[in-house]
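What the coordinates show
If you want the building blocks of each chain, they are given just below.
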Amino acid sequence: MDGSGATPRERVRPLLRVRQFREFTDLPPTDEELGAIADAARWSGSSTNSQPWRFITIRDRQVLIRLHEAGLPMTRSLRTAPSAIAIVLPEGEHAVSHAYDEGRAAERMLIAAQLLDLGAGIAWIKPEIRPLVAELLAIPAGWFVRTLVVVGHPTEAALAPKGQGRLPREEVVFEGHWPEDRSGG
Ligand SMILES: Cc1cc2nc3c(=O)[nH]c(=O)nc-3n(C[C@H](O)[C@H](O)[C@H](O)COP(=O)(O)O)c2cc1C
């Protein structure tokens, strides 16, 4: 408990509320909001502090719609998203650690959006549309985008509880050792 009497579970609850939004109002985030979210991403930790990423903020609805159409169904959130941030990574070596770093940055962006009373979501870019994404975002050779983080104000409907829960705690969290009666499946 802290000074306010909140339990540890209550104190981490804001993190549990961070989730994927896929439907947004027309109201775009401000430049300052989008910039703050990009800053949260660039301050993420990365393997050997290599900071392999570059981030491109996108507000052009025509570009967002082209990405939406090309990448369906994964890019369905871009139908209404007023903005997105692309995580650009170098091709080649260190693919696993880059993917790990990318996930950390993406999750931070989702958390930052929530802290700003916005909503965000992940849209996965299929490898086959990487050339189109490179063209639309003027990405040089040797770099690629796998993750777009969409950002906006969620609609009322999107804010409603989704009922998409998680596995029961006892199936996922073990104390001290793997339980004898579970195969893990
Ligand atoms: C690695 C990864 C890739 C994802 N790709 C997509 C995607 O391409 N499109 C999408 O709408 N959601 C995508 N999601 C969001 C998940 O579907 C979502 O997090 C999951 O259904 C749980 O929902 P919640 O985060 O709202 O609780 C992705 C999530 C992760 C972690």
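Scroll up to find the structure this text is about.
Notes on the structure follow. Remember, predicted model here, so these are calculated numbers, not experimental data. (Residues numbered from 1 in each chain as written. Predicted model: local features only at pLDDT ≥ 70, side-chain atom pairs only at ≥ 80, totals over all residues. Heavy atoms only, no water.)

A short note on the pairing of strand E4 (residues 143–152)
Inclusion rule: Relative accessibility thresholds used throughout: buried, under 20% of the residue-type maximum; exposed, over 50%; partly exposed, between the two (1.4 Å probe, protein chains only). Helix and strand assignments follow DSSP, with helices taken as H or I runs no shorter than four residues and strands as E runs no shorter than two, numbered in order from the N terminus. We treat two strands as partners when DSSP finds at least two bridges between them.
Buried residues dominate E4, accounting for nine of its 10 residues. As paired elements, strand E2 (residues 83–90) and E4 share eight bridges and run antiparallel to each other. In the strand pairing of E4, Ser83 is matched with Val151. Bridge count for strand E3 (residues 119–124) against E4 is six bridges, and the pairing is antiparallel.

Examining the site of the ligand
Formally: Proximity is defined per residue: any heavy atom of the residue falling within 4 Å of a molecule or strand makes that residue near it. Polar contacts, as used here, are pairs of N or O atoms within 3.5 Å; protein pairs need one atom able to donate a hydrogen and one able to accept it. Residues neighboring in sequence count only if both atoms are side-chain atoms. The Shrake-Rupley method, run with a 1.4 Å probe, gives the accessible areas here. Residue values count only the displayed protein chains as cover.
The immediate surroundings of the ligand are formed by Arg19, Gln20, Arg22, Met74, Arg76, Ile122, Ala123, Trp124, Lys162, Gln164 and Arg166. One nitrogen or oxygen atom from the side chain of Arg22 is found 2.6 Å from an oxygen atom belonging to the ligand. Within the side chain of Lys162, one N or O atom sits 2.6 Å away from an oxygen atom of the ligand. Bound to the protein, the ligand loses 66% of the 620 Å² it would expose on its own.

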